[in-house]
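Structural characterization, general
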Amino acid sequence: MTMRTTVGWHVELEFQEDDQHTRAAAMVRLPDGTEVRAHGHATRHRTDAHQPRVGEEIAGARALNELAMNLLTKAHDEIDQASGRTSHPIHI
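In this report, the structure presented in the accompanying data block is examined.

Here is what the cut-offs are and how they apply
Residues numbered from 1 in each chain as written. Predicted model: local features only at pLDDT ≥ 70, side-chain atom pairs only at ≥ 80, totals over all residues. Heavy atoms only, no water. Salt bridge = Lys/Arg side-chain N within 4 Å of Asp/Glu carboxyl O. Helix = DSSP H or I, 4+ residues; strand = E, 2+ residues; numbered from the N terminus. Buried < 20%, exposed > 50% of the residue type's maximum accessible area, 1.4 Å probe, protein only. Pairing = 2+ DSSP bridges. Core = buried A, V, L, I, M, F, W, Y, C linked by side-chain atoms within 4.5 Å. Contact = heavy atoms within 4.5 Å. 1 Å grid on protein atoms, 1.4 Å probe; cavity = no way out; pocket = protein on both sides within 12 Å on 5 of 7 lines; lining within 4 Å. Points joined across faces, edges and corners; volume = space filled by probe spheres on them. Patch = residues over 30% accessible without salt bridge, like charges linked within 9 Å, V, L, I, M, F, W, Y side chains within 5 Å. Areas by Shrake-Rupley, 256 points an atom, 1.4 Å probe, with all protein chains shown as cover.

Bringing the pattern of salt bridges into the picture now. Taken as a whole and judged by the stated rule, the model has 4 salt bridges. A salt bridge links R53 to E57; its shortest N-O distance comes to 3.1 Å. Residue R53 and its partner E57 are both found in helix α1 (residues 52-83); the two are separated by 4 residues, about one turn of the helix. Overall, R53 belongs to the exposed group, its relative accessible area being 55%. With a shortest N-O distance of 2.3 Å, E78 and K74 are connected by a salt bridge. Of the two residues, E78 and K74 are both situated in helix α1; the distance of 4 residues between them amounts to about one turn of the helix. On the basis of relative accessibility, which here comes to 39%, the residue E78 falls in the partly exposed class. Bridged by salt links that share partners, the residues R29, E35 and R37 form one connected network.

Looking now at the pairing of strand β1 (residues 11-17). Two elements, β1 and strand β2 (residues 21-29), share 7 bridges in a ladder whose sense is antiparallel. Across the sheet, Q16 pairs through a bridge with R23, a residue of β2. Turn length for the β1-β2 hairpin, with the two strands adjacent in sequence and antiparallel, is 3 residues.

Before going further, it helps to spend a moment on the nonpolar core. Membership of the largest hydrophobic core is limited to 10 residues, which are A24, A26, V28, L30, V36, A38, A42, A59, A63 and L67. For this core, the secondary-structure elements that each account for two or more residues are β2, β3 (35-43) and α1. Leaving out residues up to four positions away in the same chain, A38 has contacts with A24, A25, A26, A63, E66, L67 and N70.

The gaps of empty space that remain are located by a probe, the size of a water molecule, rolled over the atoms. Each pocket or cavity is described by its volume, and for the largest pocket that value is around 230 Å³. Every residue lining the largest pocket is counted, 17 residues in all, and those nearest its centre are T43, R44, Q51, V54 and G55. Looking at the lining of the largest pocket, the elements with two or more residues in it are β2, β3 and α1. A total of 4 residues in the lining of the largest pocket trace back to one element, the largest contributor, which is α1.

This brings us to a nonpolar patch on the surface. Taken together, V11, L13, F15 and L64 make up a surface patch of nonpolar side chains, about 300 Å² in accessible area. When residues of the nonpolar patch are assigned to their parent elements, the largest contribution, 3 residues, is made by β1. As for its position among the elements, F15 is in strand β1.

Here it is as structure tokens:
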């Protein structure tokens, strides 16, 4: 079987930060024009060192995790619509 790439997805992450909070917004635009969005956050404890990159990594990972779950739900719903029945849950 020959594998070939037929589509590509680009995920966008944007961050907003202050001294203690980092918020991340993730978005992927699918080939059909659908946009799937998700959010994540991180909070720095007052005694932790100020490391903005770490807050971005945590908030970004949480946003990507939610994005993955949203994509699984979308796929699950599309399977159900196409088949006309309730399918087994998709687990990661």
